[in-house]
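What the coordinates show
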Amino acid sequence: MTLADVNLHFGGVTVLKDVGFTVEPGTVLGLVGPNGAGKTSLFNCISGHYRPSSGSIRIDDAEISQTRPAGMSRHGLARTFQHPALQLESTVLDNVLLGGHARLPGGPASWAVRLPPMVRSERELRAEALDRLEELGLGWAAHRSADELSHGLHKGVELCRALMARPQVLLLDEPAAGLSHGEVDSFIQTIHGLKAAGEITLVIVEHHMGVISALADRVVVLNHGSKLMEGTACQAQSDPRVIEAYLGKDSMDSNDSTDTRDGIGDDAA
Ligand SMILES: Nc1ncnc2c1ncn2[C@@H]1O[C@H](COP(=O)(O)OP(=O)(O)O)[C@@H](O)[C@H]1O
Ligand SMILES: [Mg+2]
């Protein structure tokens, strides 16, 4: 995926200014920066929730910057949200299955008829969804109602849902925020598994530098809507401009986690 000169304005406010980078297929890019830097807005531009004022966003040869969210799965793109929105009355398993709907044969009309290929596909999707949940340590919750789960666990469910679409490019917005140490470890293992299997390209927005160090091949730092630097996690953490951006804002730990491992310059995982 390649972004070039992405700009986003709301009225007179510039949210993103000339942002550009390439994520090589099969690699993980960490997107970091203080709160308000524009990370979620950039995800919104990629996923079609916002339309960039100018610039280009390409997956392979397809220009996607003018595509609406509903068209994103056609381009192999899936995402999770900083504040997950699940169907709270449905079971966790049903929430995860929603992510796989686009892979069922036929369309909604044929789903209602329930022909044998359809039933078979559904059974396969269910098994895959349960495997995904199991992998993230959420197997126990499959048949619980989503509203019984904590915010942290909703993140895991949302990740499973996104993976069910078998995306080529996956965007994760603060996937580790609010997770316990054990849940963070399961998350890192899951992403390592995806990386080892190849083929998926990931962009991860995360304040938890242990997660970024463990997973990101490259890091892009945003500040005030502009790219401040690009390099390895190590280079980012020791770059004086990055340290200043964080210290100046004093916002590295202002997410909902009190985990002292959060924060630039701390690479414990
Ligand atoms: N829909 C919008 N209208 C106006 N301003 C917005 C909108 N979305 C984001 N912004 C502004 O863009 C800036 C970056 O926000 P955001 O992308 O959420 O940052 P981050 O995810 O890095 O914390 C903030 O100042 C925010 O208020
Ligand atoms: Mg954000």
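The structure under discussion appears in the preceding block.
Residues numbered from 1 in each chain as written. Chains lettered and ligands numbered in written order. Predicted model: local features only at pLDDT ≥ 70, side-chain atom pairs only at ≥ 80, totals over all residues. Heavy atoms only, no water.

A closer look at the overall build of the protein
Helix and strand counts for the protein come out as 9 helices and 10 strands. Of all 269 residues assigned to the protein, the portion counted as buried reaches 51%. A sequence separation of at least 24 residues applies to 66% of the contacts in the protein between residues at least 6 apart. Of the roughly 12,100 Å² of accessible surface on the protein, 51% is carried by carbon and sulfur atoms. (Helix = DSSP H or I, 4+ residues; strand = E, 2+ residues; numbered from the N terminus. Buried < 20%, exposed > 50% of the residue type's maximum accessible area, 1.4 Å probe, protein only. Contact = heavy atoms within 4.5 Å. Areas by Shrake-Rupley, 256 points an atom, 1.4 Å probe, with all protein chains shown as cover.)

So, the sheet that holds strand β1 (residues 2-10)
Spatially, 4 strands are ordered β2-β1-β4-β5 in an open sheet, and the strand pairing comes out antiparallel. Where the open sheet ends on each side, the last strands, each with one partner, are β2 (13-22) and β5 (62-63). One ladder, built from 2 bridges, connects strand β4 (residues 54-59) with β5; its direction is antiparallel. Within β5, the position partnered with Arg58 by the bridge is Glu63. (Pairing = 2+ DSSP bridges.)

Digging into the coordination of the magnesium ion (ligand 2)
For the magnesium ion (ligand 2), the full set of protein donor atoms is Thr40 (OG1) and Gln82 (OE1), at a range of 2.1 to 2.2 Å. Here Gln82 lies in the loop between β6 (77-79) and α2 (92-98) and Thr40 lies in helix α1 (residues 39-47), a separation of 42 residues in the sequence. The class of Thr40 is partly exposed, set by a relative accessible area of 26%. Given a relative accessible area of 24%, Gln82 falls into the partly exposed group. (Donors = N, O, S within 2.8 Å, 3.2 Å for Na, K, Ca; no water.)

Observations concerning the site of ligand 1
As a matter of local geometry, ligand 1 sits amid Phe10, Val15, Pro34, Asn35, Gly36, Ala37, Gly38, Lys39, Thr40, Ser41 and Tyr50. In the model, an oxygen atom of ligand 1 is placed 2.6 Å from a nitrogen or oxygen of the Ser41 side chain. For ligand 1, whose free accessible area comes to 560 Å², the fraction covered by protein is 61%. Of the residues forming the shell around ligand 1, the biggest block, 3 residues, is contributed by α1. Class assignment for the residues of the shell around ligand 1 results in 5 nonpolar, 5 polar and 1 charged. (Near = heavy atom within 4 Å. Polar contact = N/O pair within 3.5 Å; in protein donor to acceptor, adjacent residues only side chain to side chain. Nonpolar A, V, L, I, M, F, W, Y, C, P; charged D, E, K, R; others polar.)

A word on unusual backbone geometry
With a phi close to 55 degrees, Glu174 is a non-glycine residue in the positive phi region. With respect to the helices and strands, Glu174 occurs in the loop between β7 (169-173) and α6 (181-197). For Glu174, a relative accessible area of 4% gives the class buried. Phi at His224 is positive, roughly 50 degrees, even though this residue is not glycine. By relative accessible area, which is 60% here, His224 ends up exposed.

Re the sheet that holds strand β10 (residues 226-231)
With mixed pairing, 6 strands are arranged side by side in an open sheet as β6-β7-β8-β3-β9-β10. In the strand order of this sheet, the two ends are held by β6 and β10, each with one partner. Strand-to-strand twist of the sheet, defined as the mean angle between neighbouring strand axes without regard to direction, takes the value 20 degrees. Across 5 bridges, strand β9 (residues 218-223) lies against β10 in antiparallel orientation. (Axes fitted to C-alpha atoms, helices over the stretch in contact; angles between N-to-C directions.)

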